[in-house]
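Summary of structural features
Chain by chain, the residues run as shown.
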Amino acid sequence: MTENDTRGRLAPPTGPGAEPGHTGGTGTRSNLTTARSSTRLRGADGPRALRATGAVDALALVVMLGAAVVGFGPAWGSTAYLLPALGGLVLGLGVAWLGAWRRWGTVTVTAVAMVAYLVLGGPFALPGTTVAGVLPTLETFRGLLLGAITGWKEIVTSVPPLQSFPELAVVPFLLLFLTALVAGTIAWRVRAGQWALLPVVVAFVGVVLLGTLVPAFPLAQGLVLVVVGLLWGSWRATEARLGERQVLTAASVVATRRLRWHRARGGAAMLALGAVAAVVLVPVVTPDTERMVLREQIVPPLDLHEYVSPLASFRKYAKEMTDDELFTVDGLPAGARVRLATLDTYNGVVYDVSSGGGSGVFTRAGDQIATVAQGTPTDLTVTIGDYRGVWLPDVGALAGVRYTGERGEALSTTTYYNSETGTGVVTAGLRPGDTFRLDAIVAPTPSAEDLESSHILDAELPKPRNVPDSVGGKAAQFMAEETDPLVQLKNLETGLEASGIFSSGLETQLPSRPGHSAERIDTLLAADEMIGDDEQFAVALALMAQSAGIPARVVMGFYPDPEAWEAGTPFVVTGADVHAWVEVPFAGYGWVPIDAIPEEDNKIEPEPKSDQVPKPPVLEDPEPPEEPADAEAGTVDDEEKKDDAESSAFDWGRAALVAVAVTVPLLVLALPLLLVLLLKSRRRKRRRSADRPVDRISGGWREVLDAATDLGAPVPAGATRREGAGTLAEAFPVAAAPTVTLARSADATVFGTGDPSPQQVDAFWSEVESVLMGMRSTRPRGQRFRAAVSLRSLRGARPAWVPSWVPALRRSARPSVRTVTRPPTGSGPKPGES
């Protein structure tokens, strides 16, 4: 049809009988109104994402989600979070726009979103793992998949600032990607588009929960969400009520536009007044309370029961490693002490490290650690010598720890720090040759005059258990009638120093037993001559102080002899420098070290008989509680019933498509793990079904050794079965007795006369199963999984030049797909929907 033809058809009728607004004799509306209505209908039929209203939706979502992104600032400590967060926002809106433009179904949008996350997530979230910052690698895919599963836990169990952990950038990227995808899809494809505010609110709440107690710009963020959200939401609600397909006259169109303008102007004025009122009144009426964040509510999964208290090895350092160079500290300030661990819980057997409550929690630590400690910033370098262990030597309050050397990555990813107690743990274990730098805040030690002008603070500490009666009696004797906590503490310190004799049991000293159990402390305090070293006297002072209501904890560490060490020179720490002291909280100074070390040649005056404390009965060391028997796994009966009506209406084709889209990538990712499990199963079957019965017995013992290797406690090559059993008994105390019995049984069978019977072989393998179960029960669930897929035992004996640490395979991520029910085929969109 040509333009002239169109004009001819739209020409108004002339002649008598023609009515205004109608064509001659046709009975239709005016040509002008029909043309306008037809134009509006053709425009409304196109996707909203391609219209100007769709651009307004995009702008509103970008502004609101951008305001939410700012909340990551305090937790990250830098602007490094902007690239992943804004990248996820743009990518999510991009996928939503494509889906709205092309009118893709739910399955297609989900598949495109997964591909976009894996392909484009690397440049935004993990650029360090890509090639040239763009092309993803296998490490990129692994980081994105694992981050989607474990990143949420790690981000709330890591010490801010989080810029020290680049792999955690996956979390803000994924959070903004998902919320932007959902919000954009709702805004561009649903008539009631104001529901897109829900994922925006989810993004705001998620950023707050994953952040810190320190907010970013809460007032500005709240105003942006309220002002933009209400204006945009009311506009979308008005559109949905009026309808975009309604055929209107020219006058009604003008009236509708005028109404929208007046509503927008009035809403903006009201919101502006609300914003001014919020700025003026909120700081006045809002209570000074802390907001709730997950990192303050969730205790990190660090099981301290796996590690022996360092105080149990005190006498080993003092007596057996006196001249061994444990490590070297370069940059140690004068008067500073090297802390190994803070011990604040006593059970009658050992003084140990605790976590939770007033003892603080252990969270992942990196090259930057948020701290409010006051003091002098100090850089120190620590080089490990003969020291081995998981406890991190540190000084003052840490503001960061950076590892160097070939084990730097393995150590940095397994470092946890408790800022409340100043204790660090490296689960990978420190060993000779490791080097790291400490950014520490070192506060000067207050003088006695400073403490006299202060007072002791209250502090929450675990209540000691199984404390001997002599502690309270001796404390009452030393404190006399004093009621001032500061004077009581001074009297306890003076009483121990004046009544004790220092001895670590060396050849030149008086005999002195090690340990600090209830029996040992009771013997120390009840004796006429209290003989011991820092270990016994520090524990005794802490227990006596707590019996008097004074909060006290024990610290084990090292500090130099001021007569043998010159400030400014490297401090070479030896076993002779080991010490234990007590810390008590003072107002204005925090936890202050208190020493109670008597002289080695102290001359003790006999106590008057009237002042002597009767000796209480000797307490036996409490027997450790028995390990609870493993609960037998129950069976769950399948009680689900099939509904024929629902089954007939179920879309099996779509379910199969979703299953294929999800299952195939997961199978590809899980294939290496399944291959490892298959190889181990085949190895086990081959050992148990060997041709010679003796080889079956030897294979059973090899199964135990391989399991120990995978669990991180390998037996040295060349060790006999009984030697190996001794090593395993130390690593797995719960299975100590069965392991020794199993080794003896294997030796008796292998070196005995004749072959074992099939019944003996079956019995031996039953014992193997029992030992393996006991060994695995001592490890957390995550470590048991890593051991199951570990390649250590499959690689055979480790040569001397290969490091003993090998990163274990981590759990493959399993992305979840949510199926959204589509309307039945043939049901078209409602008016106003696209």
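Details of the structure are given in the entry above.
Quick caveat, the model's predicted, so the values are computed rather than measured.

Strands in a sheet are paired, the pairing made by backbone hydrogen bonds, and the direction either parallel or antiparallel. Taken in spatial order, the five strands of this open sheet run β8-β2-β15-β17-β18, and their pairing is antiparallel. With one partner strand each, in any of the chains shown, β8 (394-395) and β18 (590-594) form the two edges of the open sheet. As paired strands, strand β2 (residues 338-343) and β8 are joined by two bridges and run antiparallel to one another. When the sheet's bridge partners are listed, Arg339 is paired in β8 with Asp394.

If you want to describe how two helices pack, look at the angle between their axes and the distance between the axes. For the pair helix α5 (residues 82-102) and helix α8 (residues 170-189), interaxial distance at closest approach is 7 Å and the crossing angle is 30 degrees. Taken together, the axis directions place α5 and α8 in an arrangement best described as roughly parallel. Relative to α8, the crossing made by α5 is right-handed.

As a further point, take helix α3 (residues 52-69). The end-to-end C-alpha distance of α3 is 26 Å, a good match for the 26 Å that 18 residues give at a rise of 1.5 Å each. Along α3, the residues classified as buried are Thr53, Gly54, Asp57, Ala60, Leu61, Met64, Leu65, Ala67, Ala68 and Val69.

We now examine the environment of Thr79. With respect to the element layout, Thr79 can be found in the loop between α4 (73-76) and α5. In this structure Thr79 comes out as exposed when scored by relative accessible area, which is 58%. It is 8.8 Å that separates the C-alpha atoms of Thr79 and Gln163, two residues lying 84 residues apart in sequence.

The next subject is the packing of aromatic side chains. The description of an aromatic ring pair rests on the distance of the ring centres and on the angle between the ring planes. Applying the stated criterion across every chain, the model contains 14 aromatic pairs. Ring geometry for Tyr117 versus Phe173: centroids 5.9 Å apart, planes at 25 degrees, classification stacked. Residue Tyr117 is found in helix α6 (residues 106-125), and its partner Phe173 is found in helix α8; the two are separated by 56 residues along the sequence. For the pair Tyr317 and Phe558, a centre-to-centre distance of 6.0 Å together with 85 degrees between the ring planes defines the contact as edge-to-face. With Tyr317 in helix α12 (residues 314-320) and Phe558 in strand β15 (residues 553-558), this residue pair connects regions lying 241 residues apart in the sequence. According to the relative accessible area criterion, Tyr317 is buried, its value standing at 9%. Phe558 gets classed as buried once you look at its relative accessible area, which sits at 0%.

So, about unusual backbone geometry. In this structure, Ala132 takes a positive phi of about 60 degrees despite not being glycine. By the element assignment, Ala132 lies in the loop between α6 and α7 (138-156). Positioned with a positive phi, Ala480 is a non-glycine residue whose angle comes to about 60 degrees. When you line up the elements, Ala480 lands in the loop between α15 (469-479) and α16 (485-499). Look at Ala480 and you get exposed, because its relative accessible area is 52%.

All right, on to a nonpolar patch on the surface then. Residues Leu675, Leu678, Leu679, Leu791 and Leu794 make up a contiguous nonpolar surface patch of about 410 Å² in total accessible area. The topology assignment puts Leu791 in the segment after α25 (781-788).

Turning next to empty space enclosed by the protein. Taking a probe equal in size to a water molecule and rolling it over the atoms shows the remaining empty space. Applying the stated criterion across every chain yields a total of three cavities of 30 Å³ or more. Of the volumes computed, that of the second largest cavity is approximately 40 Å³. If you go around the second largest cavity, the residues you meet are Asp534, Phe537, Ala538, Leu541, Ala580, Trp581, Val582, Ile594, Ala596 and Ile597. Elements supplying a minimum of two residues to the lining of the second largest cavity: α18 (534-547) and β17 (578-586). Per-element accounting of the lining of the second largest cavity gives the leading share, four residues, to α18. Classifying every residue of the lining of the second largest cavity gives nine nonpolar, no polar and one charged.

Attention shifts here to the pattern of salt bridges. In total, this model carries 21 salt bridges according to the counting rule given. The residue Arg364 makes a salt bridge to Glu167 at a minimum N-O spacing of 3.1 Å. Separated by 197 residues along the polypeptide, Arg364 in strand β5 (residues 363-364) and Glu167 in the loop between α7 and α8 bring together distant segments of the chain. Judged by relative accessible area, Glu167 falls into the partly exposed class, the value being 34%. For Lys680, the salt bridge identified is with Asp710, shortest N-O distance 2.9 Å. Of the two residues, Lys680 is situated in helix α20 (residues 652-688) and Asp710 in helix α21 (residues 693-710); the sequence distance between them amounts to 30 residues. Judged by its relative accessible area of 11%, Lys680 is buried. Through salt bridges with shared partners, one network takes in Arg683, Arg684, Arg687, Arg702, Glu703, Asp706 and Glu769.

The rules behind the values
- Residues numbered from 1 in each chain as written.
- Predicted model: local features only at pLDDT ≥ 70, side-chain atom pairs only at ≥ 80, totals over all residues.
- Heavy atoms only, no water.
- Pairing = 2+ DSSP bridges.
- Helix = DSSP H or I, 4+ residues; strand = E, 2+ residues; numbered from the N terminus.
- Axes fitted to C-alpha atoms, helices over the stretch in contact; angles between N-to-C directions.
- Parallel < 35°, antiparallel > 145°, perpendicular 65-115°, else oblique.
- Left-handed = near helix turned anticlockwise from the far one by under 90°.
- Expected span 1.5 Å × (residues − 1).
- Buried < 20%, exposed > 50% of the residue type's maximum accessible area, 1.4 Å probe, protein only.
- Phe/Tyr/Trp six-rings, centres within 6.5 Å; stacked < 30°, edge-to-face > 60°.
- Patch = residues over 30% accessible without salt bridge, like charges linked within 9 Å, V, L, I, M, F, W, Y side chains within 5 Å.
- Areas by Shrake-Rupley, 256 points an atom, 1.4 Å probe, with all protein chains shown as cover.
- Salt bridge = Lys/Arg side-chain N within 4 Å of Asp/Glu carboxyl O.
- 1 Å grid on protein atoms, 1.4 Å probe; cavity = no way out; pocket = protein on both sides within 12 Å on 5 of 7 lines; lining within 4 Å.
- Points joined across faces, edges and corners; volume = space filled by probe spheres on them.
- Nonpolar A, V, L, I, M, F, W, Y, C, P; charged D, E, K, R; others polar.

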